[in-house]
Protein chains: 2
Amino acid sequence: MATSQKRLTIDTINPRVREAEYAVRGELAVLSEEFRARLASNDSSLPFDQVISANIGNPQQLGQKPITFFRQVLSLLQYPALLENEEILLNNLGYKPDVLERARFLLKAVGSVGAYTASNGIPEVRQSIARFLERRDGHPADPKDIYLSSGASSAVNNLLNIICNGPTSGVLVPIPQYPLYTATLSLLGGKLVPYYLDESRGWGTDLEAIKGAYKAATENGTEVRAIVIINPGNPTGASLSAEDIEAVIDFAAKKKLVVMADEVYQTNIFKGKFYSFKRILRDLQKSHPGTYDNVELVSMHSISKGMVGECGQRGGYFELVGFDPVVQQQVYKLVSITLCPPATAQCLVEMMVNPPQKGSPSYELYEKEFDDIFNGLKQKAYALYEAFKQMEGVECDEPQGSMYLFPTINLPTKAIQAAKKQGRTPDEFYAVRLLEATGICVVPGSGFGQKEGTLHFRTTFLAPGTGWIDRMQKFHKEFMDEFH
Amino acid sequence: MATSQKRLTIDTINPRVREAEYAVRGELAVLSEEFRARLASNDSSLPFDQVISANIGNPQQLGQKPITFFRQVLSLLQYPALLENEEILLNNLGYKPDVLERARFLLKAVGSVGAYTASNGIPEVRQSIARFLERRDGHPADPKDIYLSSGASSAVNNLLNIICNGPTSGVLVPIPQYPLYTATLSLLGGKLVPYYLDESRGWGTDLEAIKGAYKAATENGTEVRAIVIINPGNPTGASLSAEDIEAVIDFAAKKKLVVMADEVYQTNIFKGKFYSFKRILRDLQKSHPGTYDNVELVSMHSISKGMVGECGQRGGYFELVGFDPVVQQQVYKLVSITLCPPATAQCLVEMMVNPPQKGSPSYELYEKEFDDIFNGLKQKAYALYEAFKQMEGVECDEPQGSMYLFPTINLPTKAIQAAKKQGRTPDEFYAVRLLEATGICVVPGSGFGQKEGTLHFRTTFLAPGTGWIDRMQKFHKEFMDEFH
C-alpha cells in the first residue's frame, strides 16, 4: 500500500473517533436523505413519493407545531424593537400582555440574546428551573447546582468527561440504549459496562442484571464509576416504577456509583407516572437518615422532547445533587471552555419550566396546544401499536412513554441468510429494505444494542396520518411472503 | 486523609479535565461576576460603580447593537405567523421587503427552526457559504466540504478530536494564543507544541520559531500532526502578510501538517488586509503545480466576532480543504453525535455571508450599522492605544485587528516580589489589583502564554466611552507609585 500524502487517513485519525458508532444518523439516515433529495429533484424512479424520517425524534420536522407563547416571546427577544409597538402587538398581531411581560423579564436577565451568558447559564433561568424542580419534587433545589446545556447531548458529554478517568473507568449503560452513551464513552476511552433491560417486564430495569454486569466488569479489572438510566426509556419508552428507581439508587449508594438520570422524556408519559430520581433520592434520604448521603446524582432535561419539541434550538439543563463543590468547580471550568449554550435556547428552557399559568392571558391557548400535541402523540402511538399487533412475527409492548416504539421482529430463516450474504445484520437488512420500498426510515435494534438472537427496530410515532403505517404493513407482508 | 464517600473528588476525576486551563473565564472572571452581583444588590462598599468585562470578546454585552436586518429576519423565523401580516410588518414595524423574502427563503430551507437540521448544517446555508468563499477567495468552494458549527469552539474541539491520536500526537500552537487550543488539547490528551510569535514584528509568525519548535518536539518523540494559526491574532490582533501565510503553508506541506486556520476575526482588520489561508493555498497550488496538493487545511469562521458580534447565538462554520473523503465521513459521524448546531445560528451564518446587497431595501441601514460598528471599534482601539502610550512601563503595538490589545507591562521589582508573596504571577497580581480597584476585568498574559520574563495582559476595546480608560490610567499610576 502506498503511503498516503495526507496526514489524516482512516488509519491515522483518532481511533476513538473511528470506533465510535452512532446509528441514529448512520448509513440509513444518509440513504434516506439521498432519497429525499432525489424526490425533491422530481426523480420519479422511486416507489414512494415521500420520505418519513422515523429514525429520529424530530417532532417539528414531522409537522408538530411549536407552542405559540414560546415563539412569540422568542420573536421579541430576537427583535426587541417590536416591544416599542405594544399596541400593534396586542391589537393586531395576537400577542398577549404576558408574552410582552415575559420577553421584558428575559431581556432584562440576558441583556441581548447575542451576548455570551455565564457559562453555567443565565442566573434568572437557573432560578426558574430551581423553582420548577421544587414544585415537581417537593424538595429544595439550588440554582448553583443547575447548569444550562446545549441539549442533553452536551450535558452527557461533559459529565462523562468528568467521570471517565482512563481506560479502566466503566459506566453501566442500559441495553438497548440511545447510542449517544456508547458513542461518547468510545470518544472518551471509557469502558462500556452494558446491562440488559427486561423486555418481559416492559423493558424495566432488572437489578439482578445490573448486579451481574457490575460484578463481571469489576472482576475484569474495571472500576465501575457510574450508572446511566434513561427514564422514560429510549428506545424502549418504558417509564420506571418508584421501586425500580429505589433499587437503582440503593445499589448506587452501596457501590459509590454516580447516577446519570436522562429524564428528557419526563412529560412524554402515556401510562403510569413519572418519578424523578431526585425526588426518590430525597425521599430515601429522609426516610433512611445517613444511608444515602453519599449518592451523586446528575439529572438531565431538554427542550427537544416533550410537548416543546424544539430540538433545533439546542437547549437543556442538568442538576447536580450531592456533588463535591470542588468537583462542581471543575464542571464549571469544563463547560466554560465552550463558553455558553445558546442564549435563546436558555430562554426557552425558562419558558418550558415556567409556562403560562391558569388565569394568565396566554394560558388557554398554551393548554390547548399542549394537550393537542399530547393527545396526538398518544393517538399516533396507539395506531402504530395496533398495526404492529396485526403484523406477522412482530411483538410490541403497549406504548408507555417517550416518542418511540421498539418492537421485536421475528424474521424467517431465509431473510436471515439473505442478510448474511449482504454482510448485514438481519434487522439492518430489514430496515434497508423497508426504506427502499416505502421511504420510511427506522433504526435497526442493533444500533441500540439488543440481546443476542433477538431483533428489533426503533421507530418514532411522530409522522402525521396513517398512510405511512399502511405502507409499512404492506411492506412487511410482502417481505415475509418473499422469505417464507 | 479519610477516604471520601463520594466517587468523584478532585483526585479521582478525569485528570485531563483537572489539568485543563481556561483563564478567559477563570478566577478573575468569577471575581468580577461577584462584584457585579454585589453592585446589583446595592453594595456600596466597592470603589467603583460598574464592572467592565474587558476579559472576553462579548460585544453586545458591552452595548454593541445587533444588525437590524439579522434580527428582523430571526424574529420571523421564530414566529413565522408574523409573515401573514405583511402590511403591518412593512408599513408599521419597519420591516423591508427583503427581510420578508430572506425569512421565507430560510424557512423553506429549514422547515422550522425547532427541528434538527442535517448534522453538517442546512444545505442551503452551506450553499451560501460556498458562494461567499468563492467571492472572497476567487477559488471554487464546495458545500459538501462545509460544516456548520456551534461557534468556533465546537469546530476546534471536533477537529482536534479527529487529529489527536494518543499522547504522542502534537499540535503546534502559537504563543500567546487563545487558550481554547491548549485547553482542548489537554482534554484530548494531545501534546502542546508551542511556538512563539514575534513581538518585535507586530506578533507575526516566525518561521524559524516554528521550525525550532517542530524539531525539538520531533526529537522528543512527538509526532507533530497539525499547526494552529490564529489570523487575525487573538490575543495579539496581528494580521498576517501573504508571505507569512505562504511560509506556513510551505512548511506544512513539507511536514504533512494539517493547517488549522482560525479566521474568526477576518472582518476585524484596521490595518493591512486579510488574506485567507484557503486563497493563498489555492494560489500556491496554481503557481506550483503538484507541490501543495497534499495540504490539508481547515479554516474556521464564526458569527461571534466581526460586526455581527452575535456570540450568544452560537454559530459558525468550518471548511475542509484537501481532506480525504473517508476522513470527512468520520468528521460527519463525529459532528452527528451532538446532532446539529442551533438552527437559528445557522441562519445567522447565512445572513453574515450573504448580507443585503447594494440596491436592496435593507442595504442602506445595514451598511450604516456595519460601518458605525467598525468605526466605533477602531476609535475605541486607538483611544486605548493612546492611553497605553502614556502609561509608564507599558508598551503596545498599534492596533491591527481582532478585538484586543495585548500590551507588555514592565512592573517594578517590588511588585514582582509582592506577587510572589501571594503565590501569584506578576501579571495576575496586576490584573487582580486592577479589578479590585476599578472593576475592570482583563486577562493576564500568562493565561495565553508569553515568553519567559515578559508580562502582558489582554483587554478588549469594546467598552463604550473613555471613562474606564481614565480609571485604568489612574490605577496604573497609583500601582506604579506604590511599588516603586
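Keep in mind that this is a model prediction, so the values were computed, not measured.

(A) Just the interface of chain A and chain B, in detail. Of the residues lining the interface, 95 residues belong to chain A; the matching set on chain B comes to 95 residues. Carbon and sulfur atoms supply 56% of the area that chain A and chain B bury against each other, a total of about 7,700 Å² over both sides. If you look at where chain A meets chain B, you find two salt bridges. Glu 223 of chain B serves as the salt-bridge partner of Arg 7 of chain A, at 2.7 Å between the closest nitrogen and oxygen. Of all the secondary-structure elements, those providing two or more residues to the side of chain A that touches chain B are α1 (15-19), α3 (68-78), α7 (151-163), α8 (180-188), β5 (223-230), α12 (325-337) and α13 (343-353) of chain A. A per-element tally of the side of chain A that touches chain B places α12 of chain A first, with eight residues. Considering only residue class, the side of chain A that touches chain B consists of 43 nonpolar, 34 polar and 18 charged.

(B) How the structure looks around the sheet that holds strand β3 (residues 169-175) of chain A. Residues and elements named next belong to chain A. Ordered by their spatial adjacency, seven strands build an open sheet running β2-β8-β7-β6-β5-β3-β4, and the pairing between neighbours is mixed. Edge positions in the sheet fall to β2 (146-149) and β4 (191-196), since each of these pairs with one other strand and no more. Going from strand to strand, the sheet's axes swing by 20° on average, the running direction of each strand aside. Sheet topology places strand β6 (residues 258-262) next to strand β7 (residues 297-302); four bridges connect them, and they run parallel. Counterpart to Val 259 in the pairing with β7 is Leu 297.

(C) Spatial organisation of the packing of α7 of chain A against α12 of chain A. Residues and elements named next belong to chain A. Here α7 crosses α12 at 130°, and the two axes come no closer than 10 Å. With respect to each other, α7 and α12 are oriented oblique. The two elements α7 and α12 cross, and the hand of that crossing is right-handed. Across from Asn 158, Asn 161 and Ile 162 in α7, the residues of α12 making contact are Val 327, Gln 330, Val 331, Leu 334 and Val 335.

(D) Broad picture of the UniProt feature "domain: Aminotransferase class I/classII large" (unreviewed entry) in chain A. Listed under "domain: Aminotransferase class I/classII large" (unreviewed entry) in the UniProt record, and renumbered for this structure, are residues 102-463 of chain A. Secondary structure within residues 102-463 of chain A divides into 44% helix and 15% strand; the distance between the first and last C-alpha atoms comes to 32 Å.

(E) Highlighting the packing of aromatic side chains. Residues and elements named next belong to chain A. In total, this model carries 44 aromatic pairs over all chains according to the counting rule given. Look at Tyr 147 and Phe 318: their rings are 5.0 Å apart centre to centre, the planes differ by 5°, and that puts the pair in the stacked class. With Tyr 147 in strand β2 and Phe 318 in strand β8 (residues 316-321), the pair connects residues that are 171 residues apart, well separated along the chain. The exposure classification of Tyr 147 matches that of Phe 318, with both residues buried. Seen in terms of ring centroids, Phe 429 and Phe 483 are 5.7 Å apart; in terms of plane orientation they differ by 75°. Their pairing is edge-to-face.

(F) Region of interest: the relation of the copies chain A and chain B. With an RMSD of 0.0 Å, the operation that places chain A on chain B is a rotation of 180° combined with a shift of 0.0 Å along the axis. Seen this way, the second copy is the image of the first under a two-fold rotation axis. Across chain A, the smallest distance between a C-alpha and the rotation axis is recorded for Ser 75 of chain A, namely 2.0 Å. Mapped onto chain B, 100% of the interface residues of chain A are again interface residues, and the two copies thus contact each other with one and the same surface.

(G) Quick peek at the domain arrangement of chain A. Residue and element names in this part refer to chain A. If you check the domain split of chain A, you get domain 1 (15-62 + 369-483) and domain 2 (116-353). Centre-to-centre, using C-alpha coordinates, domain 1 lies 28 Å away from domain 2. In this complex, domain 1 contributes 37 residues to the contact, which on the side of domain 2 involves 38 residues. Between domain 1 and domain 2, a total of about 3,000 Å² is buried, with carbon and sulfur atoms accounting for 58% of that surface. Summed over the shared surface of domain 1 and domain 2, the result is one salt bridge.

(H) Expanded view of α8 of chain A. All names here are of chain A. Where burial is concerned, most of α8 is hidden: eight out of the nine residues are buried. The complete set of buried residues in α8 reads Leu 180, Tyr 181, Thr 182, Ala 183, Thr 184, Leu 185, Leu 187 and Leu 188. Note on α8: the residue one or two positions beyond its end, Gly 189, has a positive phi of about 70°.

(I) Broad picture of helix α9 (residues 207-219) of chain B. Residue and element names in this part refer to chain B. Over its 13 residues, α9 runs 18 Å from end to end, which matches the ideal 18 Å to within 8%, given 1.5 Å per residue. Listing the buried residues of α9 in full gives Ile 210, Ala 213, Tyr 214 and Ala 217. Along the long axis of α9, the arc covered by the buried residues comes to 100°, so they all point the same way. Of the residues in α9, the exposed ones pointing more than 90 degrees away from the buried face are Glu 208, Lys 215 and Glu 219.

(J) Just the side chain of Asp 262 of chain A, in detail. Residues and elements named next belong to chain A. Tracing the backbone through its elements, the reader meets Asp 262 in strand β6. Buried within the structure, Asp 262 lacks any salt-bridge partner; its nearest side chain of opposite charge belongs to Lys 305, at an N-O separation of 9.4 Å. Within the structure, Asp 262 has its side chain in polar contact with the side chain of Tyr 181 (distance 2.6 Å). A distance of 3.4 Å separates a polar atom in the side chain of Asp 262 from the backbone nitrogen of Val 264. Leave out the neighbours within four places in its chain, and Asp 262 touches Tyr 181, Ile 229, Ile 230, Asn 231 and Met 300.

(K) Local environment of unusual backbone geometry. Residue and element names in this part refer to chain A. Of note, the amide linkage connecting Ile 175 to Pro 176 takes the cis form, showing an omega dihedral of 0°. Among the secondary structure elements, Pro 176 is positioned in the loop between β3 and α8. Cis peptide bonds are those with omega within 30 degrees of zero, and the linkage from Asn 231 to Pro 232 qualifies with -10°. Among the structural elements, Pro 232 can be located in the loop between β5 and α10 (242-255).

(L) Structural detail: the pairing of β6 of chain A. Residues and elements named next belong to chain A. The element β6 is extensively covered by neighbouring structure, given that five of its five residues are classed as buried. Pairing of β5 with β6, which is carried by five bridges, proceeds in the parallel orientation. Among the inter-strand pairings, Ile 229 is bridged to a residue of β6, identified as Ala 261. Note on the crossover from β5 through α10 to β6: the handedness is right-handed. On the question of chirality, the crossover connecting β6 to the parallel β7 by way of helix α11 (residues 277-287) is right-handed.

(M) Looking closely at the side chain of Lys 333 of chain B. The topology assignment puts Lys 333 of chain B in helix α12 (residues 325-337). Notably, Lys 333 of chain B is buried but unbridged: the nearest opposite-charge side chain belongs to Glu 21 of chain A, and the N-O separation is 7.5 Å.

(N) Structural detail: the pattern of salt bridges. Considering all chains together, one arrives at 50 salt bridges over all chains under this definition. Asp 137 of chain A is paired through a salt bridge with Arg 136 of chain A; the nearest N and O atoms lie 2.9 Å apart. Under the relative-accessibility criterion, Asp 137 of chain A is labelled buried at 7%. The network of salt bridges with common partners includes Arg 7 of chain A together with Glu 223 and Arg 225 of chain B.

The rules behind each value
- Residues numbered from 1 in each chain as written.
- Chains lettered and ligands numbered in written order.
- Predicted model: local features only at pLDDT ≥ 70, side-chain atom pairs only at ≥ 80, totals over all residues.
- Heavy atoms only, no water.
- Contact = heavy atoms within 4.5 Å.
- Buried area = accessible area lost by both parts, 1.4 Å probe.
- Salt bridge = Lys/Arg side-chain N within 4 Å of Asp/Glu carboxyl O.
- Helix = DSSP H or I, 4+ residues; strand = E, 2+ residues; numbered from the N terminus.
- Nonpolar A, V, L, I, M, F, W, Y, C, P; charged D, E, K, R; others polar.
- Pairing = 2+ DSSP bridges.
- Axes fitted to C-alpha atoms, helices over the stretch in contact; angles between N-to-C directions.
- Parallel < 35°, antiparallel > 145°, perpendicular 65-115°, else oblique.
- Left-handed = near helix turned anticlockwise from the far one by under 90°.
- UniProt positions renumbered as here; feature names shortened; annotations may be inferred.
- Phe/Tyr/Trp six-rings, centres within 6.5 Å; stacked < 30°, edge-to-face > 60°.
- Buried < 20%, exposed > 50% of the residue type's maximum accessible area, 1.4 Å probe, protein only.
- Least-squares fit on C-alpha atoms with pLDDT ≥ 70 in both.
- Domains from an automatic or database assignment.
- Expected span 1.5 Å × (residues − 1).
- Arc of directions from axis to C-beta.
- Lys, Arg positive; Asp, Glu negative; His and termini not counted.
- Polar contact = N/O pair within 3.5 Å; in protein donor to acceptor, adjacent residues only side chain to side chain.
- Right-handed = clockwise from strand over helix to strand, strands pointing away.

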